[in-house]
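Below, each chain spelled out in residue letters.
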Amino acid sequence: RLTPAPGSALHSANHGDPDMTESLVADIQTALGPRGWLDPADAGSVLTGWRGIYSGTPVLVARPDTVDGVQEVVRSCARHGAVVVTQGGNTGLAGGSVPIDAAPDGRASVLLLTTRLNRITSVDPARFTVTAEAGCTVEQVQQAAATVDRQLAMDWGARGTATVGGAISTNAGGLNVLRYGNTRHHVLGIEAVLADGRVFDGLRALRKDNTGYDLKHLFIGAEGTLGVVTRAVLELQPAMPHHRSLFAALADLDNVTDLYGLARSIDPGGLTAFELVPEMGVGVAVDVLDVVRPIDTRAEWYLLARFSGSEPVTDTVTRFLTEAVESGYATDAVVAETASQEANLWKLRHELPPEMLLDSRGAKFDAAVPIDRIPEFQRSVEAVAARLCGPEAVTFSFGHLGDGNLHVYVLPSLEHGGRLAPDLVGSVTAAVDEVIWELGGTISAEHGIGQDLLARLPGQKSQVEFDLLRAVKAALDPTDIFNPGKGAQTIERSTRSAGRSGQDEVEA
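Residues numbered from 1 in each chain as written. Predicted model: local features only at pLDDT ≥ 70, side-chain atom pairs only at ≥ 80, totals over all residues. Heavy atoms only, no water.

A. Region of interest: the overall build of the chain. Along its length, the chain carries 16 helices and 18 strands. On C-alpha atoms alone, the chain measures out to a radius of gyration of 24 Å, which is about the 23 Å that the 2.2 N^0.38 rule sets for 508 residues. Seen through its principal axes, the chain has C-alpha atoms that stretch 75 × 55 × 50 Å. A buried classification covers 55% of the 508 residues belonging to the chain. Put simply, 75% of the contacts in the chain that link residues at least 6 apart link residues at least 24 apart. (Helix = DSSP H or I, 4+ residues; strand = E, 2+ residues; numbered from the N terminus. Rg over C-alpha atoms; globule rule 2.2 N^0.38 Å. Buried < 20%, exposed > 50% of the residue type's maximum accessible area, 1.4 Å probe, protein only. Contact = heavy atoms within 4.5 Å.)

B. Broad picture of the pairing of strand S6 (residues 129-133). Here S6 lies mainly inside the structure; five of its five residues are buried. In S6, alternate side chains face the same way, and those of Thr129, Thr131 and Glu133 on one face and Val130 and Ala132 on the other are all buried. Both S6 and strand S10 (residues 228-235) contribute to a ladder of five bridges, which runs antiparallel. Among the inter-strand pairings, Ala132 is bridged to a residue of S10, identified as Ala232. (Pairing = 2+ DSSP bridges.)

C. Geometry of the side chain of Gln378. Looking at the element boundaries, Gln378 is found in helix H13 (residues 374-389). Side-chain polar atoms of Gln378 contact the side chain of Ser397, separated by 2.6 Å. For Gln378, the contacting residues outside a window of four places in its chain are Leu253, Trp301, Thr395, Ser397 and Leu406. (Polar contact = N/O pair within 3.5 Å; in protein donor to acceptor, adjacent residues only side chain to side chain.)

D. Inspection of the environment of Val313 at higher detail. With respect to the helices, strands and loops of the structure, Val313 is situated in the loop between strand S14 (301-309) and helix H10 (314-326). Since its relative accessible area comes to 5%, Val313 is described here as buried. When the C-alpha atoms of Val313 and Gly270 are compared, they prove to be 8.3 Å apart, with 43 residues separating the residues in sequence. If near-sequence neighbours (up to four positions away) are discounted, Val313 is found in contact with His242, His243, Arg244, Phe307 and Ser308.

E. The sheet that holds strand S1 (residues 37-38), seen in detail. The four strands lie next to each other as S1-S2-S4-S3, forming an open sheet whose pairing is mixed. If you trace the sheet from one side to the other, it starts and ends with S1 and strand S3 (83-87), each paired once. One ladder, built from two bridges, connects S1 with strand S2 (residues 60-62); its direction is antiparallel. Residue pairing across strands places Trp37 opposite Ala62, the latter belonging to S2. Seen against the sheet, helix H2 (residues 18-32) touches S1, S2 and strand S4 (109-113) and runs at an angle of roughly 25 degrees to S2. Running over the sheet, helix H3 (residues 67-80) touches S2, S3 and S4 and is turned about 170 degrees from S4. (Axes fitted to C-alpha atoms, helices over the stretch in contact; angles between N-to-C directions.)

F. Expanded view of the sheet that holds strand S5 (residues 120-124). Strand order in the open sheet made by the five strands is S5-S6-S10-S8-S9, with antiparallel pairing throughout. The sheet is open, and its two edges are formed by S5 and strand S9 (199-202), each paired on a single side. The average angle at which neighbouring strand axes cross in this sheet is 10 degrees, direction not considered. Two elements, S5 and S6, share four bridges in a ladder whose sense is antiparallel.

G. View of the pairing of strand S18 (residues 405-411). Most of S18 is tucked away, with seven of its seven residues classed as buried. Residues Asn405, His407, Tyr409 and Leu411 of S18 are buried on one face, and the alternating residues Leu406, Val408 and Val410, pointing to the opposite face, are buried as well. The pairing of strand S16 (residues 363-368) with S18 spans six bridges and is antiparallel. Each residue of the ladder has a partner; that of Ala368, found in S18, is Asn405. Two strands pair when backbone bridges link them, and strand S17 (residues 394-400) and S18 are joined in this way by seven bridges, in the antiparallel orientation.

H. Local environment of helix H9 (residues 279-288). By the burial criterion, the buried members of H9 are Glu279, Gly281, Val282, Gly283, Val284 and Ala285. Of the surrounding secondary structure, the elements contacted by the buried residues of H9 are strand S12 (242-250), strand S13 (271-278), S14, helix H11 (339-350), helix H12 (354-357) and S17.

I. Structural view of the environment of Leu112. Position of Leu112 relative to the elements: it lies in strand S4. Between the alpha carbons of Leu112 and Arg198 there is a distance of 17 Å; along the sequence they are 86 residues apart. Sequence-distant contacts of Leu112, that is, excluding residues within four places in its chain, are made with Ala62, Pro64, Val70, Val73, Val84, Val85, Thr86, Gln87 and Val228.

J. Seen up close, the side chain of Ser397. Here Ser397 is to be found in strand S17. Sequence-distant contacts of Ser397, defined by excluding residues within four places in its chain, comprise Pro278, Trp301, Gln378, Leu406, His407 and Val408.

K. The arrangement of the nonpolar core in detail. Core analysis: the biggest nonpolar cluster contains 56 residues, and Leu246, Phe274, Leu303, Phe320 and Phe377 have the highest contact counts within it. Not counting the four nearest positions on each side in its chain, Phe320 is found in contact with Leu246, Leu259, Leu262, Ala263, Ile266, Phe274, Leu303 and Phe307. Listed in part, the 27 residues of the second largest apolar core include Trp156, Ile168, Val187 and Ala192. (Core = buried A, V, L, I, M, F, W, Y, C linked by side-chain atoms within 4.5 Å.)

L. How the structure looks around the packing of helix H8 (residues 256-266) against H10. At a minimum axis separation of 10 Å, H8 and H10 run at an interaxial angle of 150 degrees. It follows that H8 is roughly antiparallel to H10 by the angle criterion. With respect to the hand of their crossing, H8 and H10 are arranged in right-handed fashion. Note on element contacts: H10 touches H8 through Thr316, Arg319, Phe320, Glu323 and Ala324, opposite Leu259, Leu262, Ala263 and Ile266. Taken together, the residues that form the contact of H8 with H10 break down as six nonpolar, one polar and two charged. (Parallel < 35°, antiparallel > 145°, perpendicular 65-115°, else oblique. Left-handed = near helix turned anticlockwise from the far one by under 90°. Nonpolar A, V, L, I, M, F, W, Y, C, P; charged D, E, K, R; others polar.)

M. Quick look at the confidence of the model for the chain. The share of residues in the chain with pLDDT of 70 or more is 94%, and the mean pLDDT across the chain is 91. Note on residues 494-508: pLDDT under 50 across the span, and 18 contacts to partners over four residues away in sequence or across chains. (pLDDT = per-residue confidence, 0-100.)

If you want it as structure tokens, here you go:
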């Protein structure tokens, strides 16, 4: 782990000194004013992650509403030997933005909320850009783009709560990655407060700028470990007024690669979503939610897809479904004809996570494998679940089929409130992670590392990668003031898994 340089403020600070903590709190309160902070006792849900697994109590919750305010928080923490954890909408699933009681070395922590940095500073339809502060919700930016006949293609179920800064810090994925890419592909420029309190002003609305390292990309996906993102220039797309969503019963999961190839060949630019939905999820959702079963035909797996365009896409959808049925890839299908039918399909998809649908907990995976290996991946996880958990265990999978990204849960059953025993969670996780790596995949497709994956990540990355990550952290945040104890750069050599050491030797 990084240690402060001898003689630095953090090195000399008395981390256990209550007077120093009191002085830190007073400084931030004075700098931000009465509306700019919360006592942790009054902070409520921001102290606990969305999944309810991680929580922490900082000495203060800071709520700056200007970049100057963010600078004051960072500088105060640096002076008093404290650390900063930044949080947006608190919709993350890996615990990356959840506050901590203290840093691993005992330093006091401050939680910095960006939700008052919520202004859209410009919308430029000619440039196809929008400039928004980090605390703006994704939905807020989408609505601003729509007023000038443009669209922000970043999109996911938590759009009304998730913020721009959080999306950037986690390189969030979502529903439109298939067509438009992860958050990284939408960011043209970034403004961020650095560890020494200076502001990195990279707010350039340029598609091309070949003048050295593209520094903004260091902050995208960094999970708040390199600085506080305060504003961004985001690329907009032409408005796509025509959308058609379809729901098809699949003949066999083994056909998904051919089915995806068919969809891309018919309209490669118009295919904006290609999602896998399990019957076990549909059955439960119809029972417990206000959703209607989309199709009478029952199948083990369904495809939820959407085509979009500047012109009507009805003929495209008809051709795709006709050829899918004729080729034996699908047995039946329905196309949403009304706004309510469209909403019903996507509500079904958004509510699928078992935490929401069943209040159930088990071994959870945010995995990505090459799309042609998805059937093999699913069968392998089912085999692991049966071997380690018994015949009653279920493998509940859904997600971004076109991206090769499945959200997979191994649960004790489909009973409401089920919990997989902790020892089984550990053994299943280890076994499935090995399957993911053998298939050439990743254990984090879009949810990030946070606290959740720290113990698992050494099996995936080489020593060279960890060395590079630590070097970047040391260069931008030498005193480890930002989100300490989280992210891949915190992992030591000694935690490297033995099974990967041979690969390290080859690379060396």
